[in-house]
Amino acid sequence: HRGTPFPYTTLVRSVIIGNGSAGINVASALSGVETVSVEVFTAETRQLYSRVRLPEVLAGTSEPDDIVFHKPEWYEKKNITVHTASPVTAIDPDGRTITLEEGKTVPWDYLVLATGASANHPPLPGADLSGIHTMRTMDDVLTIRSRCKAHPESASVIGGGLLGLEAARALKGAGAKSVRVFEIAPRLLPRQLDEAGASLLEKSFSAMGIDVLCDVQTEGFLPAADDSSRASAVKLKDSRVFPSDVTILSMGVHSNTELAKSAGLAVNRGIVVDNRMRTSNPAIYAVGDCAEFDGIVWGIIPAALEQAPVAAKNILHDAGLLPDGETPHYVQTVPQTALKVGGIELMSMGKAVLTPEESATGAFLELRRVWPDGSRYEKFVLSATASAEDGGAHTLVGAILYGSKAHQATVKKLLGTAVDRSEMEAILEED
């Protein structure tokens with residue numbers, strides 16, 4: 001159909017696989033056009049909910065229904081049909097159909113892959129024992145919560161990234177008496193925080209009663225003495241052993257690309273897309289955690305929210321329902337990491353942590369301030385070379401704001417723009 005506009009009386013069948021933020025936002029953007037039908041198929045048994053709020057459900061501060069985004073009438077009003085508990089097993093690009101697990105085939109004119117990502121589950125010794133979990137879905141969280149009630153003595157998180165830290169705090173809230181975080185890197189949040197910020201964060205978690213061990217590697221999990229099918233301890237490669245009745249593996253995710261591979265689409269780490277979010281088949285699009293653009297799979301919600309309307313509008317254009325001048329192109333997302341756990345405010349934006357190679361080039365200038373009581377830390381990363389076109393100004397390329405929201409709005413606005421060094425130094429001096 002591409003290149004040949006549909007008559008406005010023809011129904012354009014759009015099918016979306018996946019009902020996460022990426023998929024439902026594509027559906028919402030397509031739903032305003034009367035001549036477009038929107039069907040969503042998902043293996044999930046629930047409608048779209050907030051994955052970032054799953055730790056609240058684990059901690060017991062929220063219930064599953066509290067974190068659902070839309071009520072049934074929202075889908076009805078938009079004429080979006082979501083088929084839950086309906087896994088897709090195959091895509092036929094030539095016949096333009098998908099096949100469901102039950103054997104039914106569904107036709108489409110345009111297909112959107114919003115298949116998301118799955119948590120990594122490395123094959124460590126003992127990783128198949130009960131009590132070893134990943135935390136990606138509502139079902140995962142409800143299982144972990146039940147496990148914590150049955151075995152509250154000790155809990156662990158393998159991985160000190162953003163999700164791992166939120167999981168650790170949630171385990172404490174779920175009733176675990178002792179909680180430890182094991183991180184292979186020399187510090188917490190190594191991509192978002194430098195050494196100074198990570199040190200403050202570790203102290204804050206210690207104050208919550210959560211032990212943090214960095215620069216350690218997990219060798220495997222040991223069975224309980226009274227039940228060989230149940231894990232009860234974490235063993236490190238340095239031979240230390242720590243009790244852990246409930247263990248969450250927070251060791252990254254991988255894009256769900258199996259359907260795309262089977263359909264013959266170009267796949268690298270993710271499903272390869274162009275700046276219109278089209279895959280190697282121009283009638284098939286990919287968005288969110290499963291999509292790879294210019295070699296990068298972001299795996300973050302801001303990227304999904306930026307990619308979704310791009311895919312939707314380009315589908316409408318290809319269907320002859322949108323003029324040429326109204327087709328947006330996707331550009332790379334500027335990463336922003338926000339963490340609020342146990343009252344800690346933290347935001348990391350852009351190139352906040354330089355690699356040793358980047359530092360050695362002399363191309364960047366770092367401005368820092370640590371508040372005397374250690375409750376607050378801020379850092380700004382500027383381009384070291386002032387641009388003549390910008391009147392001798394630098395560019396703000398990255399920032400870390402720890403312990404306060406005071407400058408978040410200002411720094412968000414300035415990120416990527418021309419700034420004076422004196423301007424940024426003045427912001428640092430503000431309390």
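Before any of the text, the structure's been laid out above.
So, here is what we can say about the structure in this document.

About the thresholds
Residues numbered from 1 in each chain as written. Predicted model: local features only at pLDDT ≥ 70, side-chain atom pairs only at ≥ 80, totals over all residues. Heavy atoms only, no water. Helix = DSSP H or I, 4+ residues; strand = E, 2+ residues; numbered from the N terminus. Rg over C-alpha atoms; globule rule 2.2 N^0.38 Å. Contact = heavy atoms within 4.5 Å. Areas by Shrake-Rupley, 256 points an atom, 1.4 Å probe, with all protein chains shown as cover. Phe/Tyr/Trp six-rings, centres within 6.5 Å; stacked < 30°, edge-to-face > 60°. Buried < 20%, exposed > 50% of the residue type's maximum accessible area, 1.4 Å probe, protein only. Pairing = 2+ DSSP bridges. Axes fitted to C-alpha atoms, helices over the stretch in contact; angles between N-to-C directions. Parallel < 35°, antiparallel > 145°, perpendicular 65-115°, else oblique. Left-handed = near helix turned anticlockwise from the far one by under 90°. Salt bridge = Lys/Arg side-chain N within 4 Å of Asp/Glu carboxyl O.

What follows deals with the overall build of the chain. When you go through the chain residue by residue, the secondary structure sums to 11 helices and 26 strands. What you see for the chain is a C-alpha radius of gyration of 24 Å, in line with the 22 Å of a compact globule of 431 residues. Taken along the three principal axes of its C-alpha coordinates, the chain extends 70 × 65 × 40 Å. Long-range pairs, those at least 24 residues apart, make up 62% of the contacts in the chain between residues at least 6 apart in sequence. For the chain, the accessible surface area stands at approximately 19,500 Å², while carbon and sulfur atoms represent 50% of it.

Enumeration over the complete set of coordinates arrives at three aromatic pairs. Taking the centre distance of 5.2 Å and the plane angle of 75° together, the rings of phenylalanine 293 and tyrosine 330 count as edge-to-face. Note that phenylalanine 293 is positioned in strand S20 (residues 291-293) and tyrosine 330 in the loop between helix H8 (301-318) and strand S21 (336-341), a separation of 37 residues in sequence. For the pair shown, phenylalanine 293 and tyrosine 330 are each scored as buried.

Along the chain, serine 50 falls in the loop between strand S2 (36-41) and helix H2 (54-59). Discounting residues that sit within four places of it in the chain, serine 50 has contacts with Ile67 and Phe69.

As a further point, take the pairing of strand S10 (residues 154-158). Where burial is concerned, most of S10 is hidden: five out of the five residues are buried. Every second residue of S10 is oriented toward a common face, with Ser154, Ser156 and Ile158 on one face and Ala155 and Val157 on the other, all of them buried. Relative to strand S11 (residues 178-183), S10 runs parallel, the two sharing five bridges. Directly across from serine 154, in S11, lies its bridge partner serine 178.

As a further point, take the sheet that holds S2. Across the sheet, five strands lie side by side as S3-S2-S1-S7-S19; this open sheet has parallel pairing. Each end of this open sheet is capped by a strand with a single partner; those strands are strand S3 (80-83) and strand S19 (284-286). Neighbour to neighbour, the strand axes of the sheet diverge by 20° on average, direction disregarded. Alignment of strand S7 (residues 110-113) against S19, held across three bridges, turns out to be parallel. Bridging from a neighbouring strand, leucine 111 pairs with isoleucine 284 of S19. Relative to S2, helix H1 (residues 21-30) is tilted by about 165°, and along the sheet it contacts strand S1 (12-17), S2, S3 and S7. With respect to the sheet, H8 is in contact with S2, S7 and S19, its orientation differing from that of S19 by roughly 170°.

Bringing the packing of H1 against H8 into the picture now. Where H1 meets H8, the closest approach of the two axes is 8 Å, and the angle between their N-to-C directions is 40°. Here H1 lies oblique to H8, going by the angle between them. When the axes of H1 and H8 are compared, the crossing they make is right-handed. Facing Ser21, Ala22, Asn25, Val26, Ala29 and Leu30 of H1, the residues of H8 in contact are Ala304, Leu305, Ala308, Ala311, Ala312, Ile315 and Leu316.

Using the criterion set out here, one finds 20 salt bridges in the structure. With a closest N to O distance of 3.7 Å, aspartate 194 and arginine 368 form a salt bridge. In this pair, aspartate 194 is assigned in the loop between S11 and helix H6 (195-207) and arginine 368 in strand S23 (residues 364-370), connecting sequence segments 174 residues apart. Overall, aspartate 194 belongs to the buried group, its relative accessible area being 8%.

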